Amino acid sequence: FLYLFNNILFVIFLLNIQFFILWLAIFFTYPITRNLKITITQNAKNKISKFKDLKKVAITWSYWKSTIKEFLSQIFENKFSVIKTPKNQNTPLWISDLILKKMDNTFEYFFCEMWAYKQWEIEELWGIVNHKYWFLTWIGNQHLSLFWSQSNIILWKTEIAKKIFENNWVLYVNWDNFFCRKAEFQKWLNIIFYWLDSVVNSVFSEILDFSEKWMTFIFNYKWEKYKFFVDMIWKHNISNLTWVLAFAFDQWMDYEEIKKSLKILKTPEKNLE
């Protein structure tokens, strides 16, 4: 018993030493890594600010960020030069790295997926990229452990909305989502509320039919109706396409161009396909 007890004490001692060494390493390297992050993000901010004609689109909130980004890029890359954040790389350092390594003045649109795991993170990312167009997708109870409460999730994930209003930017928001409606966006301008199967807001879609491989739906926007076909299923895909199409029409894309793009549109790989 004494032999076992001594070995247990020795293991605890070693674990404590390892923890202490790890803590020291973090303590002394944190200022270096923090300064490095500030330098990288500032360089990215300086570089992207030079591209005055670049149209920058932010996609954020809890769900479907990557799907919206992929839908946008697939439709727009048939007509424009597009750059997007790859996969789910949506942190300040990932986005800054993309800007520094691949961004140049040949691109016309930048579709940027952005995370928001705590207060002020969206504002930090906005400070780097300075988007004019915003897509706010869907708020759920994801990251509840990080935000402590559902009310905090709503508050901190919508904190950028005031800046959107102050700077006369354009916001596309999912009004199908109950928590988005609780954020009280109605008092602000330049907002496109989109719904699925609803006639009371800015833009909506009506699913008509699913036969063989095509889902058929009617897209309603600015008192006009457009018929589209997509090779995908599930209602949420049409919901996500609704505001993507609204943005495409707002950017003066032609109906036939969009229709052609939708026929070859794919959901993100290893995601919702």
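Residues numbered from 1 in each chain as written. Predicted model: local features only at pLDDT ≥ 70, side-chain atom pairs only at ≥ 80, totals over all residues. Heavy atoms only, no water.

A. Main features of the overall build of the protein. The helix and strand inventory of the protein stands at ten helices and nine strands. A total of 273 residues make up the protein; the buried ones form 47% of that total. Of the contacts made within the protein by residues no fewer than 6 positions apart, 63% connect residues no fewer than 24 positions apart. Of the accessible surface of the protein, which amounts to about 15500 Å², a share of 60% is contributed by carbon and sulfur atoms. (Helix = DSSP H or I, 4+ residues; strand = E, 2+ residues; numbered from the N terminus. Buried < 20%, exposed > 50% of the residue type's maximum accessible area, 1.4 Å probe, protein only. Contact = heavy atoms within 4.5 Å. Areas by Shrake-Rupley, 256 points an atom, 1.4 Å probe, with all protein chains shown as cover.)

B. Layout of the pairing of strand E8 (residues 214-221). The element E8 is extensively covered by neighbouring structure, given that seven of its eight residues are classed as buried. As paired elements, E8 and strand E9 (residues 224-230) share seven bridges and run antiparallel to each other. Looking at E9, one finds that Thr-216 is bridged to Phe-229. Connecting E8 to the antiparallel partner E9 that follows it, the hairpin turn spans two residues, and Lys-222 within it adopts a positive phi of roughly 50 degrees. (Pairing = 2+ DSSP bridges.)

C. A look at the pattern of salt bridges. For the structure on display, the rule yields six salt bridges. For the salt bridge of Lys-79 with Glu-257, the shortest nitrogen-to-oxygen distance reads 3.4 Å. Linking Lys-79 in the loop between helix H2 (65-76) and strand E2 (82-84) with Glu-257 in helix H10 (residues 255-263), this pair joins segments that are 178 residues apart in sequence. By relative accessible area, which is 41% here, Lys-79 ends up partly exposed. In this structure, the salt-bridge partner of Lys-101 is Asp-97, at a minimum N-O distance of 3.3 Å. Remark: Asp-97 and Lys-101 occur in helix H3 (residues 92-102); sequence separation between them is four residues, near one turn of the helix. (Salt bridge = Lys/Arg side-chain N within 4 Å of Asp/Glu carboxyl O.)

D. Quick look at the layout of surface pockets. What the largest pocket holds in volume is close to 370 Å³. Contributing to the lining of the largest pocket are 14 residues, with Arg-34, Lys-37, Ile-38, Pro-92 and Glu-124 lying nearest its centre. Counting residues per element, the lining of the largest pocket draws most heavily on helix H1 (residues 2-48), which supplies eight residues. Broken down by class, the residue content of the lining of the largest pocket amounts to five nonpolar, three polar and six charged. (1 Å grid on protein atoms, 1.4 Å probe; cavity = no way out; pocket = protein on both sides within 12 Å on 5 of 7 lines; lining within 4 Å. Points joined across faces, edges and corners; volume = space filled by probe spheres on them. Nonpolar A, V, L, I, M, F, W, Y, C, P; charged D, E, K, R; others polar.)

E. Spotlight on the nonpolar core. Counting 36 residues, the largest nonpolar core has Leu-72, Phe-76 and Phe-247 as the members making the most contacts within it. If you tally residues by element for this core, the top one is helix H9 (residues 235-250), at nine residues. Leu-72 has contacts with Val-57, Ile-59, Phe-111, Phe-135, Val-244 and Phe-247, leaving out every residue within four places of it along the chain. Ranked by size, the runner-up nonpolar core spans 32 residues in total, among them Ala-44, Phe-51, Ile-83 and Val-173. (Core = buried A, V, L, I, M, F, W, Y, C linked by side-chain atoms within 4.5 Å.)

F. The arrangement of H2 in detail. Helix length check: H2 (twelve residues) gives 17 Å between terminal C-alpha atoms against 16 Å at 1.5 Å per residue, within 8%. Among the twelve residues of H2, twelve are classified as buried, and the element is accordingly described as predominantly covered. For H2, the set of buried residues is Lys-65, Ser-66, Thr-67, Ile-68, Lys-69, Glu-70, Phe-71, Leu-72, Ser-73, Gln-74, Ile-75 and Phe-76. Elements that come into contact with the buried residues of H2 comprise strand E1 (55-60), E2, strand E3 (109-113), strand E4 (133-136), H9 and H10. (Expected span 1.5 Å × (residues − 1).)

G. Local environment of the pairing of E3. Across the five residues that make up E3, a large majority, five, are buried. On E3, burial covers both faces: Tyr-109, Phe-111 and Glu-113 on one face and Phe-110 and Cys-112 on the other are all buried. Two elements, E1 and E3, share five bridges in a ladder whose sense is parallel. Each bridged residue has a counterpart across the sheet, and for Ile-59 the counterpart in E3 is Glu-113. As paired strands, E2 and E3 are joined by three bridges and run parallel to one another. Across the sheet, the residue bridging to Lys-84 is Phe-111, located in E3. Tracing the backbone out of E2, into H3 and back to the parallel element E3 gives a crossover that is right-handed. (Right-handed = clockwise from strand over helix to strand, strands pointing away.)

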